[in-house]
Amino acid sequence: MVQMTPFLLVLSLGLVASGLSAEKCVLTGCWINDLGSNMTIGPVNGKGEFSGSYLTAVADTKDKIKVSPLQGFQHLTNQPTFGFTVNWSFSDSISVFTGQCFVDEKGKEVLKTMWLRRSHVDNIKNDWKATRVGTNVFTRLPSQKE
């Protein structure tokens, strides 16, 4: 019986640890990315749908940058995957973001995203330059957790 005790201890610790769930990451709220762009995500409904707004800090246009609407979906899990579309109010471009909401080891919420931006071009010969791809990391703005 003495030889079984260490085995049972390790087994029980493994079962307890596997039962612990990851902290919940909540998409709703105000976020800032690594380039200084601001995003606000409204409440997520029971189907995982949400809307919000995006104010980019960077753009390759001479037009005045304006707040632009976003629409998206997320999975209803503790650290959800999500996707949203931004319809840029100041240009003929549209962007799609996909990513995951994480809680890091210090309890800080982080959105890791990848995006595609499609710009309008005048003809198919210019299609090659119409789509850009990139990544952004968003962190919650202080005192904005909802």
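It should be noted that the structure appears before, not after, this text.
Residues numbered from 1 in each chain as written. Predicted model: local features only at pLDDT ≥ 70, side-chain atom pairs only at ≥ 80, totals over all residues. Heavy atoms only, no water.

Caption draft 1: Here's a closer look at the sheet that holds strand S3 (residues 49-55). If you walk around this closed barrel you meet the eight strands as S1-S2-S3-S4-S5-S6-S7-S8, and the pairing is antiparallel. Going from strand to strand, the sheet's axes swing by 30° on average, the running direction of each strand aside. Where strand S1 (residues 29-33) and strand S2 (residues 38-41) come together, four bridges link them in antiparallel fashion. Considered in S2, the bridge of tryptophan 31 is made with methionine 39. (Pairing = 2+ DSSP bridges. Helix = DSSP H or I, 4+ residues; strand = E, 2+ residues; numbered from the N terminus. Axes fitted to C-alpha atoms, helices over the stretch in contact; angles between N-to-C directions.)

Caption draft 2: Examining the packing of aromatic side chains more closely. Scanning the entire structure with this criterion turns up eight aromatic pairs. Relative to phenylalanine 97, the ring of tyrosine 54 has its centre 5.6 Å away and its plane inclined at 35°; by these criteria the two rings are tilted. Pair noted here: tyrosine 54 is in strand S3 and phenylalanine 97 is in strand S6 (residues 93-103), with a separation of 43 residues, a long-range link. Of the residues examined, tyrosine 54 reaches a relative accessible area of 3% and is grouped as buried. (Phe/Tyr/Trp six-rings, centres within 6.5 Å; stacked < 30°, edge-to-face > 60°. Buried < 20%, exposed > 50% of the residue type's maximum accessible area, 1.4 Å probe, protein only.)

Caption draft 3: Inspection of the state of the cysteines at higher detail. Throughout the structure, instances matching the rule amount to one disulfide. Here cysteine 25 pairs with cysteine 101 through a disulfide, and the sulfurs are 1.8 Å apart. Around the S-S axis, the bridge from cysteine 25 to cysteine 101 shows a dihedral of about -70° and counts as left-handed. Residue cysteine 25 is located in the loop between helix H1 (4-19) and S1, and its partner cysteine 101 is located in strand S6; the two are separated by 76 residues in the primary sequence. Judged by relative accessible area, which is 3%, cysteine 25 ranks as buried. Classification of cysteine 101 as buried rests on a relative accessible area of 0%. (Disulfide = S-S within 2.5 Å.)

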